[in-house]
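Overview (structure and organization)
Letter by letter, the chains look like this.
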Amino acid sequence: MANGTGDRHGDRLGARQRADNDLVLSFLRVRRAIGLLGFFLPAALILWGIVFGHGILPSISASYYSPMREIFVGTLCANAVFLWSYEGYRPRPGEWLSDLMAGRAASLGALAVALIPTAPGQPVACTLSQCVLGFSAASTLHWLGAALFFGALALFCLVLFVRGAHPDPEKTASNRIYRACGWIILAALALI
């Protein structure tokens, strides 16, 4: 191609591949951030309880009434933002459940858990949500938000992350881990 059209086509193709690669990297970074926040929050709360001698709290939600409130609320809000922006894979024709829908549901659940605290173990001044809704209704909405959040995460593990036509040995192994995590989430919800 002496006239240079091949060079322009190659440049466009290279730009397209870089853009696709950037999208894949962005997608993977969002997934990684969600996972890291999921590991960070319980680890930070346990470490705080051990180091400062307060003991491990009976639930993660109880940390709202501790000096770790900002870590609890901030981490859940950050997770909510990442989950809201997580588009994942497009649904195939006929599929009603998508990564986007599960991510948005998990995001709303995380926000409910962060902004509508559970009932306190002792008398405290009410938060805005508790003053408006009352302690009992706020606690119910907190638990419904937690069920939505963890239920959506279980759907990711049991349904969405294990999709694939012909998995290779590595995908088969990761699918086992996803399924185990999903069943552990559901078992934990049932025990609560």
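Residues numbered from 1 in each chain as written. Predicted model: local features only at pLDDT ≥ 70, side-chain atom pairs only at ≥ 80, totals over all residues. Heavy atoms only, no water.

Once that is clear, we can look at the overall build of the protein. From N to C terminus, the protein includes 6 helices and 0 strands. Along the protein, helices (α) and strands (β) appear in the sequence α-α-α-α-α-α when read from the amino end. Scored against the burial criterion, the 192 residues of the protein give a buried share of 31%. When the accessible surface of the protein is summed, it comes to about 12200 Å², and 68% of that surface belongs to carbon and sulfur atoms. (Helix = DSSP H or I, 4+ residues; strand = E, 2+ residues; numbered from the N terminus. Buried < 20%, exposed > 50% of the residue type's maximum accessible area, 1.4 Å probe, protein only. Areas by Shrake-Rupley, 256 points an atom, 1.4 Å probe, with all protein chains shown as cover.)

On to the packing of helix H2 (residues 69-85) against helix H3 (residues 99-115), then. The geometry of H2 relative to H3 is characterised by a closest axis approach of 8 Å and an angle of 165° between their N-to-C directions. On the basis of the axis angle, H2 is roughly antiparallel to H3. Here H2 runs over H3; the crossing is left-handed. Where H2 approaches H3, its residues Phe-72, Val-73, Leu-76, Cys-77, Ala-80, Leu-83 and Trp-84 are matched on the opposing element by Gly-103, Arg-104, Ala-106, Ser-107, Leu-108, Ala-110, Leu-111, Val-113, Ala-114 and Leu-115. Taken together, the residues of the contact of H2 with H3 sort by class into 14 nonpolar, 2 polar and 1 charged. (Axes fitted to C-alpha atoms, helices over the stretch in contact; angles between N-to-C directions. Parallel < 35°, antiparallel > 145°, perpendicular 65-115°, else oblique. Left-handed = near helix turned anticlockwise from the far one by under 90°. Contact = heavy atoms within 4.5 Å. Nonpolar A, V, L, I, M, F, W, Y, C, P; charged D, E, K, R; others polar.)

Quick look at the state of the cysteines now. Per the stated rule, a full pass over the model turns up 1 disulfide. Cys-126 shares a disulfide with Cys-131; S-S distance 1.7 Å. Disulfide Cys-126 to Cys-131: torsion about the S-S bond roughly 65°, handedness right-handed. Taking the relative accessible area as the measure of exposure, Cys-126 reaches 34% and is therefore partly exposed. Note on Cys-157: no disulfide assigned, nearest cysteine sulfur contributed by Cys-181 at a separation of 5.4 Å. (Disulfide = S-S within 2.5 Å.)

Turning our eyes to something else, we now look at the nonpolar core. With 30 residues, the main nonpolar core has Phe-72, Leu-76, Tyr-86, Ala-106, Phe-149, Leu-153 and Phe-156 as its most contacted residues. Elements with a contribution of two residues or more to this core: helix H1 (5-51), H2, H3 and helix H5 (135-160). Sorting elements by how many residues they give to this core places H5 first, with 8 residues. Excluding residues that lie within four positions of it along the chain, Phe-72 makes contacts with Leu-41, Ile-60, Ser-61, Ser-63, Tyr-64, Val-113 and Ala-114. (Core = buried A, V, L, I, M, F, W, Y, C linked by side-chain atoms within 4.5 Å.)

All right, on to a nonpolar patch on the surface then. Taken together, Trp-84, Leu-108, Leu-111, Leu-115 and Leu-148 make up a surface patch of nonpolar side chains, about 440 Å² in accessible area. The element best represented in the nonpolar patch is H3, accounting for 3 residues. Within the secondary structure, Leu-115 sits in helix H3. By relative accessible area, Leu-115 is classed as partly exposed at 49%. (Patch = residues over 30% accessible without salt bridge, like charges linked within 9 Å, V, L, I, M, F, W, Y side chains within 5 Å. Salt bridge = Lys/Arg side-chain N within 4 Å of Asp/Glu carboxyl O.)

On inspection of all chains with the given rule, the structure shows 2 salt bridges. For Glu-95, the salt bridge identified is with Arg-92, shortest N-O distance 3.4 Å. Looking at Arg-92, the relative accessible area reads 44%, which means it is partly exposed. The shortest N-O distance in the salt bridge between Glu-95 and Arg-163 comes to 3.2 Å. Here Glu-95 is found in the loop between H2 and H3, whereas its partner Arg-163 is found in the loop between H5 and helix H6 (169-191), with 68 residues between them in sequence. On the basis of relative accessible area, Glu-95 is assigned to the partly exposed category, the value being 26%. Through salt bridges that share partners, Arg-92, Glu-95 and Arg-163 make up one connected network.

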